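# Reading the structure
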Amino acid sequence: MGGIAGVATWPEARRKGCVAGLLRHGLETMRGAGQTVSMLHPFSFPFYRKYGWEMTIERKTYTLEPRHFPPRAAVPGRVERVAKDAGLLDGIYEKFASRYTGTIVRTPEWWERRVFTKPGLAALYYNGDGKPEGYLLYEVKERTMTVHEWVCVSEEARLGLWRYVADHDSMADKLAMTVPVDDPLPFLLPDPRIRQEVVSYFMSRIVDVEGFLAQYPFGPGDGEDAVTLAVEDEHAPWNHGVFRLRIDAVGRARAERMADGLQAENADEADLACDIQTLTALFLGNRPASLLHETGRLRGSREAVKRLEQRIPRRTAYLADFF
């Protein structure tokens, strides 16, 4: 993944195509480095959509009062406040992150410079056998408990961490936290009328269609499936064309470029056609092919849509980090 952190020009150079040139050059550089995906946090979603990025990651924020907390549950393990140590937390994070599309692999340097620089403490849940299964990175300030990161890989750890949070009721009148968009907390609360907000967060882009499709972990099928894709991408000419995608029974894929450009006859003969933003939403944004077809973003036959949708795993997109 090639991450874009900051894009800028001098004021006197605005509206002369400089940023467009920078982004195209960035795509060429990423492709040359073997980075088939790019991600960024936009100042404006419409701006970056013009260049092929698409909104893929949403997050949910909660604000709760102690009266909303789940009942305290007895658990066999314990919670301990610990030093901010990547060696303690990374194994739990990796197991949790592997459930999602879009999470990043954290190096020790990333933990130190990007995660542990957030103010506050770390608390670790150990199960009854002494194995760590969850952690919190949090801060209590001005009677608000802010959870920067809530990670657990078992129901026991979830209950144990909630018990730990509830024991701060004399210190905090409010709890604020950010979670994946599919987090089920409201359903699990006695009173689900809490404040929750879905926030559009990060954008992604497929940099190299052919390379990306060859790497993508498709789901298994009864046999080989083949589909031709006509892709529109005016900012990355190597993506602008028709591709034949073959997926074997276990989910391994091969992608072959069939035609350069999108002459009318090539696009019409393809099973499916879309722009690069739609292709990104399909594979990286957990947007079903049937939804994209219904809304006119993905064009083609229903039969081809169904075949492709059956081979794409449904995985929520999430990113706990920022750059």
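Refer to the structure presented above.
Anyway, here's the lowdown on the structure attached to this text. (Residues numbered from 1 in each chain as written. Predicted model: local features only at pLDDT ≥ 70, side-chain atom pairs only at ≥ 80, totals over all residues. Heavy atoms only, no water.)

Here Arg-143, not a glycine, exhibits a phi torsion of approximately 60°, which is positive. Mapped onto the elements, Arg-143 comes out in the loop between β6 (132-141) and β7 (144-152). Of note, Asn-286 is a non-glycine position whose phi angle comes to about 60°, a positive value. Mapped onto the secondary structure, Asn-286 falls in the loop between α9 (276-284) and α10 (289-294). (Helix = DSSP H or I, 4+ residues; strand = E, 2+ residues; numbered from the N terminus.)

A word on the sheet that holds strand β12 (residues 253-260). Reading across from one edge, β12-β11-β10-β13-β14 is the order of the five strands in this open sheet, with mixed pairing throughout. Edge positions in the sheet fall to β12 and β14 (299-300), since each has one partner strand and no second. Bridge count for strand β10 (residues 225-232) against strand β13 (residues 272-275) is four bridges, and the pairing is parallel. In the sheet register, Glu-232 faces β13, and the bridge partner there is Asp-275. In this fold α9 packs onto β10 and β13, with an angle of close to 105° to the strand it touches most, β13. (Pairing = 2+ DSSP bridges. Contact = heavy atoms within 4.5 Å. Axes fitted to C-alpha atoms, helices over the stretch in contact; angles between N-to-C directions.)

Turning to the pairing of strand β5 (residues 121-126), a few remarks are in order. With five of six residues buried, β5 is to be regarded as a mostly interior element. Here five bridges tie strand β4 (residues 78-82) to β5, and the two strands are oriented antiparallel to one another. Among the inter-strand pairings, Val-79 is bridged to a residue of β5, identified as Tyr-125. Pairing geometry for β5 and β6, over six bridges, is antiparallel. Each residue of the ladder has a partner; that of Leu-124, found in β6, is Tyr-135. Connecting β5 to the antiparallel partner β6 that follows it, the hairpin turn spans five residues, and Gly-130 within it adopts a positive phi of roughly 85°. (Buried < 20%, exposed > 50% of the residue type's maximum accessible area, 1.4 Å probe, protein only.)

Let us now look at the environment of Gly-223. Secondary-structure assignment places Gly-223 in the loop between α7 (209-215) and β10. Gly-223 sits in the partly exposed class, given a relative accessible area of 28%. For the pair Gly-223 and Met-39, spaced 184 residues apart in the sequence, the C-alpha separation amounts to 33 Å. Beyond its immediate sequence surroundings of up to four residues, Gly-223 is in contact with Ile-247, Asp-248, Ala-249 and Arg-311.

So, on to the environment of Thr-278. In this fold, Thr-278 is placed in helix α9. Judged by its relative accessible area of 1%, Thr-278 falls in the buried class. For Thr-278 and Asp-260, which are 18 residues apart along the polypeptide, the C-alpha to C-alpha distance reads 19 Å. Discounting chain neighbours no more than four positions away, the residues touching Thr-278 are Leu-292, Arg-297 and Leu-298. A distance of 2.8 Å separates a polar atom in the side chain of Thr-278 from a polar atom in the side chain of Arg-297. (Polar contact = N/O pair within 3.5 Å; in protein donor to acceptor, adjacent residues only side chain to side chain.)

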